[in-house]
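Residues per chain are reported as follows:
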Amino acid sequence: MTTTAPHTDLGKTPGRRTPLRPRRGRGALVRALPLTPAVVLLLLFLAGPITYCVYIAFTDLQLTGQAQDSFVGFENFTRAFGDEAFLNAVWLTLVFTVLSSLIGQNTLGLALAALMRRASKPVRTLTGCIVVTAWVLPEVVAGFLLYAFFRREGTLNAILDWLHLPSQNWLFTLPILAVSFANVWRGTAFSMLVYSAALNEIPKEITEAAEVDGAGGWRRMWHITLPMIRRSIGTNLMLNTLQTLSVFGLIWVMTRGGPGGRSQTLPLFMYEQAFQNSLIGYGTAVALLLLLVGSLFSLVYLRLLRTEV
């Protein structure tokens with residue numbers, strides 16, 4: 001007489017239950033709960049105002065003389081590109097950004113970081129204190145200091161007179177250069193700190209080997225130092241550019257965008273249209289265009305940062 005063995009499923013051990021897998025959706029929800037307050041605050045205080053500003057840019061909202069605003073489509077943007085004052089502000093914004101950020105702060109910050117690396121400790125401490133002091137000053141205070149430096153009866157002309165050199169009213173003849181220099185003076189410390197940290201990460205063995213092979217200072221800088229700190233350069237350029245595009249108080253205190261709009265960058269033009277001319281819709285459209293310019297710069301820098309060395 002043959003007996004039949006009890007039927008069991010293949011791959012399972014009799015008497016042992018298969019462990020239950022936790023639901024992935026519930027686990028992800030639990031992990032996301034601590035982020036909920038931050039997301040709510042971002043939506044409330046960041047995404048909400050930005051969305052409202054986008055709506056205002058497509059209306060003819062004004063501060064005075066208007067009972068109700070109406071939707072005007074792209075009229076504000078069309079008006080901007082046909083406005084010579086707006087085009088002048090765009091050009092001056094690019095000049096101000098290139099001179100004070102891409103060239104001034106970036107180059108001077110790298111030079112200071114490289115020189116301080118070889119300097120003695122007292123020199124490094126003194127230089128760092130002087131440069132960082134200019135950076136931590138409030139923008140309005142820095143603007144008043146540079147205004148006193150460049151004005152007709154200011155410090156710069158007093159030095160030129162003492163040297164028997166011709167002086168001039170710098171805030172009238174070269175206003176965009178004066179405010180660009182002021183922004184370089186105030187913002188170079190950030191670049192210096194970024195590049196100091198990046199240079200300290202370069203192994204000394206590499207530079208010493210290049211020096212033994214006969215590479216000079218400029219050659220080592222171009223072929224070794226700059227490629228190895230490329231990511232720091234891209235990050236510094238992006239942050240400096242975004243900060244420079246939004247500079248308002250420094251220029252407002254020194255020149256108020258004058259004379260004749262020759263130092264009026266986009267933030268000052270936006271302020272003039274929105275709060276002095278009471279054209280909130282038009283001023284907000286200019287602000288969105290400024291945001292677009294900053295986004296384009298950011299995309300270029302992020303593209304460079306994605307490229308491997």
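Below: a short report on this structure.

Calculation notes
- Residues numbered from 1 in each chain as written.
- Predicted model: local features only at pLDDT ≥ 70, side-chain atom pairs only at ≥ 80, totals over all residues.
- Heavy atoms only, no water.
- Core = buried A, V, L, I, M, F, W, Y, C linked by side-chain atoms within 4.5 Å.
- Buried < 20%, exposed > 50% of the residue type's maximum accessible area, 1.4 Å probe, protein only.
- Helix = DSSP H or I, 4+ residues; strand = E, 2+ residues; numbered from the N terminus.
- Contact = heavy atoms within 4.5 Å.
- Axes fitted to C-alpha atoms, helices over the stretch in contact; angles between N-to-C directions.
- Parallel < 35°, antiparallel > 145°, perpendicular 65-115°, else oblique.
- Nonpolar A, V, L, I, M, F, W, Y, C, P; charged D, E, K, R; others polar.
- Salt bridge = Lys/Arg side-chain N within 4 Å of Asp/Glu carboxyl O.
- Patch = residues over 30% accessible without salt bridge, like charges linked within 9 Å, V, L, I, M, F, W, Y side chains within 5 Å.
- Areas by Shrake-Rupley, 256 points an atom, 1.4 Å probe, with all protein chains shown as cover.
- Phe/Tyr/Trp six-rings, centres within 6.5 Å; stacked < 30°, edge-to-face > 60°.
- Lys NZ or Arg CZ within 6 Å of the ring centre and 35° of its normal.

### Some words on the nonpolar core
Counting 28 residues, the largest nonpolar core has F77, F86, I229 and Y282 as its most contacted members. At the level of elements, α3 (75-81), α4 (84-118), α9 (175-200), α12 (230-245), α14 (266-276) and α15 (280-306) are the ones that each hand at least two residues to this core. In terms of residue count, α15 provides more of this core than any other element does, eight residues in total. Those residues in contact with Y282, other than ones at most four positions away along the chain, are N76, R79, A80, D83, F86, F269 and Q273.

### A word on the packing of α12 against α15
Where α12 meets α15, the closest approach of the two axes is 9 Å, and the angle between their N-to-C directions is 175°. Classified by the interaxial angle, the pair formed by α12 and α15 is roughly antiparallel. Residue-level contacts link R230, R231, G234, T235, L237, M238, T241, L242 and L245 of α12 to L290, V293, G294, F297, S298, Y301, L302, L304 and L305 of α15. Of the residues that constitute the contact of α12 with α15, the class distribution is eleven nonpolar, five polar and two charged.

### Topic: the pattern of salt bridges
All told, the structure shown has one salt bridge when counted by the stated rule. A salt bridge links R151 to E153; the shortest N-O distance between them is 3.5 Å. Taking relative accessible area as the criterion, E153 reaches 57% and is therefore assigned exposed.

### Notes on unusual backbone geometry
The omega torsion of the bond from G258 to P259 falls at -5°, within 30 degrees of zero and hence cis. The phi angle at R256 is positive, at roughly 55°, despite the residue not being glycine. Here R256 lies in the loop between α13 (249-254) and α14. Owing to a relative accessible area of 58%, R256 belongs among the exposed residues under this scheme. The backbone of S278 sits at a positive phi, close to 65°, despite the residue not being glycine. Relative to the helices and strands, S278 is located in the loop between α14 and α15. With relative accessibility at 13%, the residue S278 sits in the buried group.

### Some points on the environment of L165
Tracing the backbone through its elements, the reader meets L165 in the loop between α7 (155-162) and α8 (170-173). Separated by 47 residues in sequence, L165 and V212 have C-alpha atoms that sit 47 Å apart.

### Describing a nonpolar patch on the surface
Judged by side-chain polarity, V98, L99, I103, L174 and L177 come together as a nonpolar surface patch covering roughly 370 Å² of accessible area. Within the secondary structure, L174 sits in the loop between α8 and α9. Under the relative-accessibility criterion, L174 is labelled partly exposed at 34%.

### Side note on the packing of aromatic side chains
Applying the stated criterion to the full structure yields 17 aromatic pairs. Seen from their ring centres, F81 and F86 are 5.7 Å apart, and the 80° between their planes marks the pair as edge-to-face. Its relative accessible area of 3% is what places F86 among the buried residues. Note that R79 overlies the ring of Y282, its terminal NZ or CZ placed 4.3 Å from the centroid. When the ring centre of F172 is taken as origin, the NZ or CZ atom of R262, which lies over that ring, is 5.4 Å away.

### Some remarks on the side chain of T255
Looking at where T255 falls in the secondary structure, it is placed in the loop between α13 and α14. Judged by its relative accessible area of 13%, T255 falls in the buried class. When sequence neighbours within four positions are dropped, the list of residues in contact with T255 reads L171, P175, V179 and S263.

Such coordinate-based values are descriptive only and should not be taken to indicate function.
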